[in-house]
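# Examination of the molecular architecture
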Amino acid sequence: MFILIFLLTFCVVEAGWQVKANDRDFCKLPEFKKKYFLCLKKSKYSGNAIKTYKYNVLTFLPLNLYEQFKRAANLYFLALLILQIIPQISTLPWYTTLVPLVLVLGITAIKDLVDDLARHRMDKEINNRKSEVLLDGRFQETRWMDIQVGDVVRLKKNDFIPADILLLSSTDPNSLCYVETAELDGETNLKFKMGLKVTHESLQEESQLARFDAMIVCEEPNNRLDKFTGTMNWRRDKYPLDLDNMLLRGCKVRNTEECRGLVIFAGADTKIMRNGGKTRFKRTKIDYLMNYMVYTIFVMLILVCAGLAIGHSFWYEQIGSNAWYLYDAKNQTASYRGFLSFWGYIIVLNTMVPISLYVSVEVIRLGQSKFINWDLQMYYSEKDTPAKARTTTLNEQLGQIEYIFSDKTGTLTQNIMAFKKCTISGRTYGESCRTCKSPVDFSWNKYADRKFKFLDNHLITCIRSKKDVEMMEFFKLLSLCHTVMVEQKEGELVYQAASPDEGALVTAARCFGFVFLSRTQDTITISEMGTEKTYEMLALLDFNSDRKRMSIILKCPDGRIRLYCKGADTVIYQRLSPNSKHKETTQEALDGFANETLRTLCLCYKDISAAEYAAWAQKHKEASVAMTDRDQALDRVSELIETNLMLIGATAIEDKLQDGVPETIAKLAKANIKIWVLTGDKKETAVNIGYSCELLTDGMKIHYGEDNEILCEKKKKRRRLRLRRLGKRQPPSNPQDGQPMDDWEKELRQRDFVDMACECSAVICCRVTPKQKANVVSLVKRYKKAVTLSIGDGANDVNMIKTADIGVGISGQEGMQAVMSSDYAFAQFRYLQRLLLVHGRWSYIRMCKFLRYFFYKNFAFTLVHFWFSFFNGYSAQTAYEDWFITLYNVLYSSLPVLLVGLLDQDVNDKLSLRFPKLYLPGQKGSLFNYKNFFISLFHGIFTSLIIFFIPYGAFLQTMGQDGEAPSDYQSFAVVTASSLIITVNLQISLDTSYWTFVNCFAVLGSIAIYFGVMFDIQSAGIHVLFPSAFTFTGVASNALRQPYLWLTIILTVGISLLPVICIQFLSKTIWPSVGDKVQKNKKKYELEEEEEEKRRKPPAFQRGGRSRRSAYAFSHSRGYADLIASGRSIRQKPRARPELRESIREVPQAENI
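Residues numbered from 1 in each chain as written. Predicted model: local features only at pLDDT ≥ 70, side-chain atom pairs only at ≥ 80, totals over all residues. Heavy atoms only, no water.

In the nomenclature of an unreviewed UniProt entry, the protein chain corresponds to Phospholipid-transporting ATPase from the organism Astyanax mexicanus. Taken verbatim from the UniProt record of the protein chain, the Cofactor (unreviewed entry) comment is "Mg(2+)". (UniProt positions renumbered as here; feature names shortened; annotations may be inferred.)

Each helix and strand in the protein chain was counted, giving 39 helices and 34 strands. Within the protein chain, the fraction of its 1153 residues that count as buried is 55%. If you sum the accessible surface of the protein chain, you get close to 52,700 Å²; carbon and sulfur atoms cover 57% of it. (Helix = DSSP H or I, 4+ residues; strand = E, 2+ residues; numbered from the N terminus. Buried < 20%, exposed > 50% of the residue type's maximum accessible area, 1.4 Å probe, protein only. Areas by Shrake-Rupley, 256 points an atom, 1.4 Å probe, with all protein chains shown as cover.)

Moving on to the confidence of the model for the protein chain. Low pLDDT means the predicted coordinates in that region are not meant to be read closely. Residues at a pLDDT of 70 or more form 85% of the protein chain, whose mean pLDDT is 81. Averaged over each element, pLDDT in the protein chain is lowest for helix 1 (residues 2–15) (34) and highest for helix 26 (residues 831–869) (94). The low-confidence segment residues 729–740 (pLDDT under 50) makes 18 contacts with residues lying over four places distant or belonging to another chain. (pLDDT = per-residue confidence, 0-100. Contact = heavy atoms within 4.5 Å.)

Attention now goes to empty space enclosed by the protein. The final tally for this structure, using the stated rule, is 6 cavities of 30 Å³ or more. Within this model, the second largest cavity holds a volume of roughly 70 Å³. Lining the second largest cavity, in full, are Tyr880, Glu881, Phe884, Tyr892, Ala973, Val974, Ala977, Tyr1010, Met1014, Ile1017, Gln1018 and Phe1032. Elements supplying a minimum of two residues to the lining of the second largest cavity: helix 27 (882–892), helix 32 (969–991) and helix 33 (997–1017). Looking at side-chain class alone, the lining of the second largest cavity contains 10 nonpolar, 1 polar and 1 charged residues. (1 Å grid on protein atoms, 1.4 Å probe; cavity = no way out; pocket = protein on both sides within 12 Å on 5 of 7 lines; lining within 4 Å. Points joined across faces, edges and corners; volume = space filled by probe spheres on them. Nonpolar A, V, L, I, M, F, W, Y, C, P; charged D, E, K, R; others polar.)

Before going further, it helps to examine the sheet that holds strand 12 (residues 237–241). Across the sheet, which stays open at both edges, the 4 strands sit in the order 1-10-11-12 with antiparallel pairing between neighbours. The outermost strands of the open sheet, each flanked by one partner alone, are strand 1 (17–20) and strand 12. Across this sheet, the average inter-strand angle for adjacent strands is 20°, counted without regard to direction. In this sheet, strand 12 lies alongside strand 11 (residues 230–234) in antiparallel orientation, the contact comprising 5 bridges. Paired with Asn233 across the two strands is Lys238, which belongs to strand 12. (Pairing = 2+ DSSP bridges. Axes fitted to C-alpha atoms, helices over the stretch in contact; angles between N-to-C directions.)

Let us now look at the nonpolar core. Counting 98 residues, the largest nonpolar core has Leu357, Phe850, Leu851, Phe884 and Leu980 as its most contacted members. Among the elements that make up this core, the one with the highest residue count is helix 26 (17 residues). If sequence neighbours within four positions are ignored, Leu357 has contacts with Met290, Phe850, Leu851, Phe854 and Phe855. Grouped together as the second largest cluster of nonpolar side chains are 56 residues, Val440, Ala448, Ile526 and Tyr535 included. (Core = buried A, V, L, I, M, F, W, Y, C linked by side-chain atoms within 4.5 Å.)

Inspection of the entire model under this criterion finds 34 salt bridges. A cluster of three or more residues bridged by salt bridges with shared partners is formed by Glu473, Lys476, Asp558, Arg560, Arg562 and Asp607. (Salt bridge = Lys/Arg side-chain N within 4 Å of Asp/Glu carboxyl O.)

The side chains of a regular strand alternate, residue by residue, between the two faces of the sheet. With 4 of 5 residues buried, strand 6 (residues 152–156) is to be regarded as a mostly interior element. Relative to strand 15 (residues 258–265), strand 6 runs antiparallel, the two sharing 5 bridges. Looking across to strand 15, one finds that Val153 is bridged to Gly261.

Moving on to helix 23 (residues 770–784). Counting along an α-helix, one turn takes 3.6 residues, and residues three or four places apart therefore face a common direction. Here helix 23 contains 15 residues, and its C-alpha end-to-end distance of 21 Å stays within 8% of the 21 Å for a straight helix at 1.5 Å per residue. The inward-facing, buried residues of helix 23 abut strand 17 (403–406), strand 29 (674–678), helix 22 (743–758), strand 31 (788–792) and helix 24 (798–803). In the segment just after helix 23, Lys785 is the residue with positive phi, at about 50°. (Expected span 1.5 Å × (residues − 1).)

With that settled, the discussion passes to the packing of aromatic side chains. In the structure shown here, the tally under the stated rule is 63 aromatic pairs. Measuring from ring centre to ring centre gives 4.1 Å for Phe861 and Tyr888, while their planes differ by 10°; the resulting arrangement is stacked. Of this pair, Phe861 sits in helix 26 while Tyr888 is found in helix 27, placing the two residues 27 residues apart along the sequence. Of the two residues, Phe861 and Tyr888, neither departs from the other in class, the shared state being buried. (Phe/Tyr/Trp six-rings, centres within 6.5 Å; stacked < 30°, edge-to-face > 60°.)

For the rest of this paragraph, the subject is the side chain of Arg249. As for its position among the elements, Arg249 is in the loop between strand 13 (246–247) and strand 14 (252–254). Of the side chains with opposite charge, Asp164 lies nearest to the buried Arg249, which makes no salt bridge, at 7.1 Å. A polar contact is formed between the side chain of Arg249 and the side chain of Asn48, at a distance of 3.2 Å. Polar contacts involving the side chain of Arg249 include one to the main-chain carbonyl oxygen of Pro162, which spans 3.1 Å. (Lys, Arg positive; Asp, Glu negative; His and termini not counted. Polar contact = N/O pair within 3.5 Å; in protein donor to acceptor, adjacent residues only side chain to side chain.)

Before going further, it helps to spend a moment on the side chain of Thr586. By the secondary structure assignment, Thr586 is in helix 16 (residues 583–595). Setting aside chain neighbours within four positions, we find Thr586 in contact with Thr423, Gly426, Tyr573, Leu647, Gly649 and Ala650.

Moving on, we come to the packing of helix 32 against helix 36 (residues 1043–1070). Contact geometry for helix 32 and helix 36: axes closest at 9 Å, N-to-C directions at 30°. One finds that helix 32 runs roughly parallel with respect to helix 36. Relative to helix 36, the crossing made by helix 32 is right-handed. Note on element contacts: helix 36 touches helix 32 through Leu1045, Thr1048, Ile1049, Thr1052, Val1053, Ser1056, Leu1057, Val1060, Ile1061 and Gln1064, opposite Val975, Ser978, Ser979, Ile982, Thr983, Leu986, Gln987, Leu990 and Asp991. Residue composition of the contact of helix 32 with helix 36, grouped by class: 10 nonpolar, 8 polar and 1 charged. (Parallel < 35°, antiparallel > 145°, perpendicular 65-115°, else oblique. Left-handed = near helix turned anticlockwise from the far one by under 90°.)

Turning our attention to the sheet that holds strand 14. Strand order in the open sheet formed by 3 strands is 9-8-14, with antiparallel pairing between adjacent strands. Either end of the sheet is taken by a strand with one partner, and the two such strands are strand 9 (190–194) and strand 14. Put simply, the sheet's adjacent strands are angled 45° from each other on average, direction ignored. Summarising the sheet, strand 8 (residues 176–180) and strand 14 pair through 3 bridges and their orientation is antiparallel. For Glu180, the partnering residue across the bridge sits in strand 14 and is Lys252.

So, on to a nonpolar patch on the surface. Taken together, the side chains of Tyr288, Tyr292, Tyr295, Tyr930, Phe934 and Phe938 present a nonpolar region at the surface, about 640 Å² in accessible area. For Phe938, the location among the structural elements is in helix 31 (residues 930–955). What makes Phe938 exposed here is its relative accessible area of 53%. (Patch = residues over 30% accessible without salt bridge, like charges linked within 9 Å, V, L, I, M, F, W, Y side chains within 5 Å.)

Where helix 31 contacts helix 32, the two axes come as close as 10 Å, and the packing angle between them is 145°. Crossing of helix 31 over helix 32 shows right-handed handedness. Only Ser971, Phe972, Val975, Thr976, Ser979, Leu980, Thr983 and Gln987 of helix 32 make contact with helix 31, whose side of the interface consists of His939, Thr943, Ile947, Phe948, Pro951, Tyr952 and Phe955. For the contact of helix 31 with helix 32, a count of residues per class yields 8 nonpolar, 7 polar and no charged.

Between its first and last C-alpha atoms helix 17 (residues 610–624) spans 20 Å; for 15 residues at 1.5 Å apiece the expected length is 21 Å, and the two agree. Considered for burial, the residues of helix 17 that qualify are Tyr613, Trp616 and Ala623. Burial along helix 17 is one-sided: seen end-on, the buried residues are contained in an arc of 80°. Those residues of helix 17 that are exposed and aimed more than 90 degrees away from the buried face are Ala610, Ala611 and Lys621. (Arc of directions from axis to C-beta.)

Of all 12 residues making up strand 28 (residues 646–657), 9 are buried, and the element is well covered by its neighbours. Bridge count for strand 27 (residues 599–608) against strand 28 is 7 bridges, and the pairing is antiparallel. Looking across to strand 28, one finds that Thr600 is bridged to Ala652.

Spelled out as structure tokens, the structure:
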């Protein structure tokens, strides 16, 4: 045994993380170097500077261009630009491609630069924070980025902790240090940390800290927020270290004037940074779909160009080579001419893949992000917090969410506990009855909390009469049976509770006249209705998740020994004495409390004889010094004394939800969005919150993890039978430990879990770590191919937020870690319904409508060249003027569709929220997919046919009004271009659902701009200045003075649009969608909304038949019992206490996650 222990210790020393106090050079030793590039090495110890930005001055241009050229279209246009520079094959000027390409790359680069500069500013602000570091024998102010592993740091009250630090000493007795972990886990209740006794006694002065030379050996950097294991070697002794000795980066020092610590992990090695997860480049489903469509268009383009090139080869061989007037003095073969024609058509038809599409998409996304930022209905005035779209690339994805993964504490709840009701001796108090018109007046009690509200005056009357013994015992228990710490600050009592439930119960007892005043290692002092009494504490049996209760054994002032116990009704009822009264009535009250989703707790007591206590105390002492399984031994001994209890009553605490949470969840559920709650809480607490926020309802059947294991086993057996029938052999697995033996088995289990969970209406995952939260999200993404959204408020949610397709951070008092890593941020969970059902849905509909129209108008524009090729010998001759081709997507047809992408809405925001079913098309992706793409393609083909062949027929063997034949190529180009511009601008008018003056101006203005520009660039004046660039001299004025050609344009436009009008009419009349039906009755619904707002009243409470649920919702970590029992919490010996101020302050608290 000795050898084994020695070997293990040796391994830890050699392989573990080693830190030498006050020795920066130790970390630079060769044995601590690691390779990072080829043969270059650097220290494995990270510096304390953090980096969340993507680019620097040197890498911005190459990295950004690399990311942008990952887009197939950008790469395609770069290749096209190179082709246009080659004279032999260029059919269009090079600037027609260069200008739009530079514009696209420039706009995207500027947007990326602005986003990254914000990250730079945030990093700089954090890295330049100041802390005091021990250098050259004295503390000097140093920037966080300059702190190194092994440094001794001094922190003061309200300082943020710059790294993961081993607490050495503090100004508080026994080196206690209170920290707030809001930025780490979203909790606002304070937690205590303790320095080792040896460092507390030896490291108080600056000179002592300068001589400190301990060697710390601990675990390697990891992401476990709940675990730390290490050893301190100092002065030839070894001292064990655990998480209670560590101050983690992201926390804040509270209620401790000064503390000193040793840096163990810095920068990227700290636990908060390890939990951050990898920053992922997120793209929407529409982005991926657009890429595939670009590939499809490119393949179509290659095939069309190849066909036309072959046609040119045959044409030249049979016709072109024999026509003397086509001789160009180039002795080129038909095949070679066909080869050149292929590249010429690649250039001519390049607008099938429009580069302006990507510029327009970026502009639309930016506008939609601004609308989210400007939405006053998502502005939280209490904290002056507006909604913030922190990215501009994911807006339409908000309209396609299928799964939401939510944190609980701080996201669904407010972290505020309120004592609402209680039942004592079978009678319930605190009913919201008609007779309770006003809250109880506590002005008689100078200790009462002014914020505390209670609605039953009868209870306070009974207490003040002091006639009901059971009632006095009830509140006495609440003031004595707890692990709350108390201190005096400027004459005020300040409570520190391990959980907000305990704080709420002790505060309630205080307001009803039983005030917890102070405690020492073995005494508790309370004020009972103005009379101060001190109880001797014989034993404190703390809560843990297995016991689900806590007990305290006290020696009363009159010499009696009494045990007080409070806990979950499921465990208390098993331990009640057969002689205990009011069990049935208390159980009925518990059912009522549970029906109202209140958190219940049973209270009981037991009188113990001196002999019984002495015998039990001996067993308890033996268990407390056991070397193995100490916790289990203590639990077994506690079971012996916690029997034959007498029931007093029960409490009911409300864990306040954020405003509008149940309504939001109900709305999202109607939109077919499944909500999963991922929390570190135990099962009872999570289930209770599930009912409170109406995620769980009475009609649901709840399956717990154990049930799922049985279902998994059944599924596995069925799979084995199926494989046996098919003659296949299943990979072996180890049946003994139940764990997967290989990746195949692991993947099957993961798939089974996801399949079963996704069949449920709602899922609550309890006791999950930050990494497990991210794993659950990634499993659903992987196996369901679903669009996911994660929402949280603390650093423990960062990994989950980064993993999901959309990450939402709740900004507020809980810290900014989640917000910094999120894509969208706002202050309240209820704003999520507006973000998804209004902004998300609108963004998706607008983007889909924009893309469908954009593809249509470019197919209609480009394919005219294709039809023209049959009449020009497949020579890659363009059907339009060069400047029309250049300006078509930039000037003539861009504004109306941009405004549709920015402003269009089928129904207003109120109707979007009233009819959540309108959200379903986005989840199904039914508004933009390959079917819609091919519809746009065929629509474009039809329009291009009409636009080419009707003018062609009109020009064929035609005589003008003045006796001239207007059948020349340039006049034909003007007529087809004019027909196209009018058609596509009127087509977007048919697709516009929400008309404003701006839309009307854009449509008419685009047509006007086209004619204005056309007459200018085809004038004689500009031809004189630039004869080679402007060759259509006087064509427009000559052609468009012919009434015959105007009739041709009107006929072309009419035939192009008539089928569309008929199809839209029939589809909305015969096969209307949900959106069409709502649109049809829009006025009626809007009037109903107005009337409903006028007569809206708060809904009456509805009682249901829900079964009772235990909700013993203490912190899942242990309380302060060990600290109290050790005596190390005593700040000073009890002495005469000054008169307390009438206002007693309680520290804000939050339930553990």
